[in-house]
Amino acid sequence: MPSFLKKKKNLTILLSLVLIQMILISIQAPLGEEESFFKKMLLSVFIPVQDGVAYFFHGSNKFWRNYFFLHGIQVKNNLLQEKYFLLKHENELLRKALKKYQAEKEVEDIFKQAHKKIIAARIIGLDARNIFKSININKGSADGVKKDMVVLDLNSNLVGRIITVTLRGARIQLLTDNDAGVSVSSEENKSIGVLSGSGSGLCQVNYILNTDKNLDIGNIIITTGYDEIYPPGIRVGEIISIENLPSLFKMIIVKPYFNLSHSKRLAVIGVTAAEFY
Amino acid sequence: MRDYLFSGLVIFIAVVLYLFFQNVSFWFPFLLNVFSIVVIYFAVEKGEVFGAFTGMACGLIQDSFCLGVFGVAGIAKTLLGYFTGLISKKINIIPFSRNVLFNIIMLIFELLVWVFIYTLIIGEKLYTANGLLFLQPFCTALVASFTIVLVRKVRERKSKYIR
């Protein structure tokens, strides 16, 4: 070792550690949204820990609410029973309507297939840097989750898509992430734009011309399917403001419908874009 | 070897605590950075090189919980560990108030380094969790100082008991 390095051994160690991390950062640049091998490895190690902690926390919370703190349970139970009753009848009506067009066996097969295609998952962790960027779930490749699968909340509103998959868990890129991109249109008319997140809980629809007079505040935004990732017709959010900019395009702000503070449950649609199309 | 195993165990406990706090409230990790407490503790107790290694490990683990570039928190925490260890040898930080002040300065330095690298590499608007991020150095410094004092007291009692 050169003598000046021996004299400044500690400083050399520091510089080496910083250099290693600089190399790690530069390796990621050509990968784009793909996460590096080292990061995936760390994620695979910590996702079971994350799942364990979330399970313990929610388990103890549930235990307290189910056995000691029973306030409001009766009201909630009545509401759920009413909802179950309505959904059961809606289901029956839909089955009957479908039977008009297809044989009974085919209808049963459709329902069985639809049931199999939904993977129920639970949120186990949020992004450490920005809670509107990504979340981790407890279902991974072992449960059939694949990259680019679409994730919905309990009310079938779009949440995001699977971006990284490990054996026992996966990371979801939320709609509200700055790098997210979804082809969308308004439910009322078909002005097509690209929705991306603002990193602060809201989204914006880009590339809608200033001359487009069809959009209004309160319009519902849905997916178009043109991006070949998100299937068409999924509800995304509602327009809360429209502003004409000096440039060619409007500034349209959308409030997404999904709300992760209401429920930790999510539905992963078990069909990739390639299978869907 | 024993030191490395002990630091590994402490880092694992920090991960569990971090995940637990995240479940308590979304905002908790923005207010209190448990990984920084671990880095400061080992830097003060074991010196700058150990602090730098612990900083790198903690930073990379913290980065693995985020979407995006891997290594931003790693560099910030490596520098925190190194300089905390180096400066703590040269000044007296045993009194509690001095310890808190020293930790606040070091954590503000870490936050500045992190913000600088974040803006340089990621180029996104910084998410401050309604300003809570700016309170992080103060809350973390206070908890870190309490932890250091507590560990020293326990160690003193233990050595008295052995004698």
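All of the points below concern the structure found in this document. Not measured: the values here are computed from a predicted model.

Thresholds, definitions, all that
- Residues numbered from 1 in each chain as written.
- Chains lettered and ligands numbered in written order.
- Predicted model: local features only at pLDDT ≥ 70, side-chain atom pairs only at ≥ 80, totals over all residues.
- Heavy atoms only, no water.
- Helix = DSSP H or I, 4+ residues; strand = E, 2+ residues; numbered from the N terminus.
- Buried < 20%, exposed > 50% of the residue type's maximum accessible area, 1.4 Å probe, protein only.
- Contact = heavy atoms within 4.5 Å.
- Buried area = accessible area lost by both parts, 1.4 Å probe.
- Salt bridge = Lys/Arg side-chain N within 4 Å of Asp/Glu carboxyl O.
- Polar contact = N/O pair within 3.5 Å; in protein donor to acceptor, adjacent residues only side chain to side chain.
- Nonpolar A, V, L, I, M, F, W, Y, C, P; charged D, E, K, R; others polar.
- Axes fitted to C-alpha atoms, helices over the stretch in contact; angles between N-to-C directions.
- Parallel < 35°, antiparallel > 145°, perpendicular 65-115°, else oblique.
- Left-handed = near helix turned anticlockwise from the far one by under 90°.
- Pairing = 2+ DSSP bridges.
- Expected span 1.5 Å × (residues − 1).
- Phe/Tyr/Trp six-rings, centres within 6.5 Å; stacked < 30°, edge-to-face > 60°.
- Lys NZ or Arg CZ within 6 Å of the ring centre and 35° of its normal.

What follows is about the environment of Phe46(A). Structurally, the position occupied by Phe46(A) is in helix 3 (residues 37-67). On the basis of relative accessible area, Phe46(A) is assigned to the buried category, the value being 9%. When neighbours within four sequence positions are excluded, Phe46(A) is seen to be in contact with Val15(B), Ile61(B), Ser64(B) and Phe65(B).

Counting residues at the interface gives 45 residues for chain A, matched by 42 residues for chain B. Summing both sides of the interface, chain A and chain B together bury roughly 4100 Å²; the carbon and sulfur share of this comes to 70%. It is Gln21(A), Phe46(A) and Arg129(A) that lose the most area in chain A upon contact with chain B, and together they represent 20% of the buried surface on that side. Between chain A and chain B we count one salt bridge in total. Across the pair Asp63(B) and Arg129(A) runs a salt bridge, and its minimum N-O distance is 3.3 Å. Joining chain A to chain B, the criterion identifies 14 residue pairs in polar contact (both at pLDDT 80 or more). Residue assignment for the side of chain A that touches chain B shows that the elements contributing at least two residues are helix 2 (9-28), helix 3, strand 1 (118-126) and strand 5 (170-174) of chain A. Split by residue class, the side of chain A that touches chain B holds 23 nonpolar, 13 polar and nine charged.

Before going further, it helps to examine the packing of helix 1 (residues 2-24) of chain B against helix 3 (residues 34-46) of chain B. Residues and elements named next belong to chain B. Contact pair helix 1 / helix 3: the axes reach a minimum separation of 9 Å and the direction vectors enclose 155°. The pairing of helix 1 with helix 3 is recorded here as roughly antiparallel in orientation. Seen along the crossing, helix 1 lies across helix 3 with a hand that is right-handed. Counted together, Asp3, Phe6, Ser7, Val10, Ile11, Ala14, Val15, Leu17, Tyr18 and Phe21 of helix 1 and Val34, Phe35, Val38, Phe42 and Lys46 of helix 3 form the full contact between these two elements.

This part takes up the pairing of strand 8 (residues 203-206) of chain A. As a general feature of sheets, a regular strand has side chains that alternate between the two faces. All names here are of chain A. Across the two faces of strand 8 the burial differs, with Cys203 and Val205 buried and Gln204 and Asn206 not buried at all. As judged from the four bridges shared by strand 7 (residues 192-197) and strand 8, these two strands associate in the antiparallel manner. Each residue of the ladder has a partner; that of Gly197, found in strand 8, is Cys203. Counted between consecutive antiparallel strands, the loop separating strand 7 from strand 8 contains five residues, among which Gly199 sits at a positive phi close to 80°. Note: strand 8 against strand 11 (residues 250-256), three bridges, orientation antiparallel. Within the sheet, the bridge partner assigned to Gln204 lies in strand 11 and is Ile253.

Non-glycine residue Asp148(A) carries a positive phi angle of around 75°. The topology assignment puts Asp148(A) in the loop between strand 2 (134-137) and strand 3 (150-152). Here Asn130(B), not a glycine, exhibits a phi torsion of approximately 55°, which is positive. By the secondary structure assignment, Asn130(B) is in the loop between helix 6 (96-121) and helix 7 (136-162).

Let's shift gears to the sheet that holds strand 5 of chain A. Residues and elements named next belong to chain A. What the six strands build is a closed barrel, ordered 1-2-5-4-3-12; its pairing is antiparallel. Pairwise comparison of adjacent strand axes, ignoring direction, gives a mean angle of 45° for this sheet. Here strand 3 pairs with strand 4 (residues 158-165) via three bridges, running antiparallel. Of the residues in strand 4, the one forming a bridge with Leu152 is Leu158.

Here we come to helix 6 of chain B. Under the 1.5 Å per step criterion, the end-to-end length of helix 6 of chain B is 37 Å for 26 residues, consistent within 8% with the ideal 38 Å. Gly123(B) sits one or two residues past helix 6 of chain B and shows a positive phi near 70°.

Turning next to the pairing of strand 6 (residues 182-186) of chain A. Residues and elements named next belong to chain A. The element strand 6 is extensively covered by neighbouring structure, given that five of its five residues are classed as buried. Burial along strand 6 is two-sided: Val182, Val184 and Ser186 facing one way and Ser183 and Ser185 facing the other are all buried. Taking the residues between adjacent antiparallel strands as the criterion, strand 6 and strand 7 are bridged by five residues.

Turning our attention to the side chain of Thr54(B). Examined against the element boundaries, Thr54(B) turns out to sit in helix 4 (residues 48-64). Excluding anything up to four places from it in sequence, Thr54(B) contacts Ile11(B), Val38(B), Val39(B) and Phe42(B).

The subject of this paragraph is the packing of aromatic side chains. Here the structure, examined in full by the defined rule, presents 17 aromatic pairs over all chains. When the ring of Phe132(A) is compared with that of Tyr127(B), the centres are 5.7 Å apart and the planes differ by 85°; the resulting orientation is edge-to-face. Note that Phe132(A) is positioned in the loop between strand 1 and strand 2 and Tyr127(B) in the loop between helix 6 and helix 7, a pairing that runs across two chains. Ring centres 5.8 Å apart and planes at 85° place the aromatic pair Phe83(B) and Phe109(B) in the edge-to-face group. In this pair, Phe83(B) sits in helix 5 (residues 72-90) while Phe109(B) sits in helix 6, placing the two residues 26 residues apart along the sequence. Through pairs of rings, three or more aromatic residues link up here, namely Tyr4(B), Phe6(B), Tyr41(B), Phe42(B) and Phe50(B). Between Arg235(A) and the ring centre of Tyr257(A), over which it is positioned, the NZ or CZ distance is 4.6 Å.

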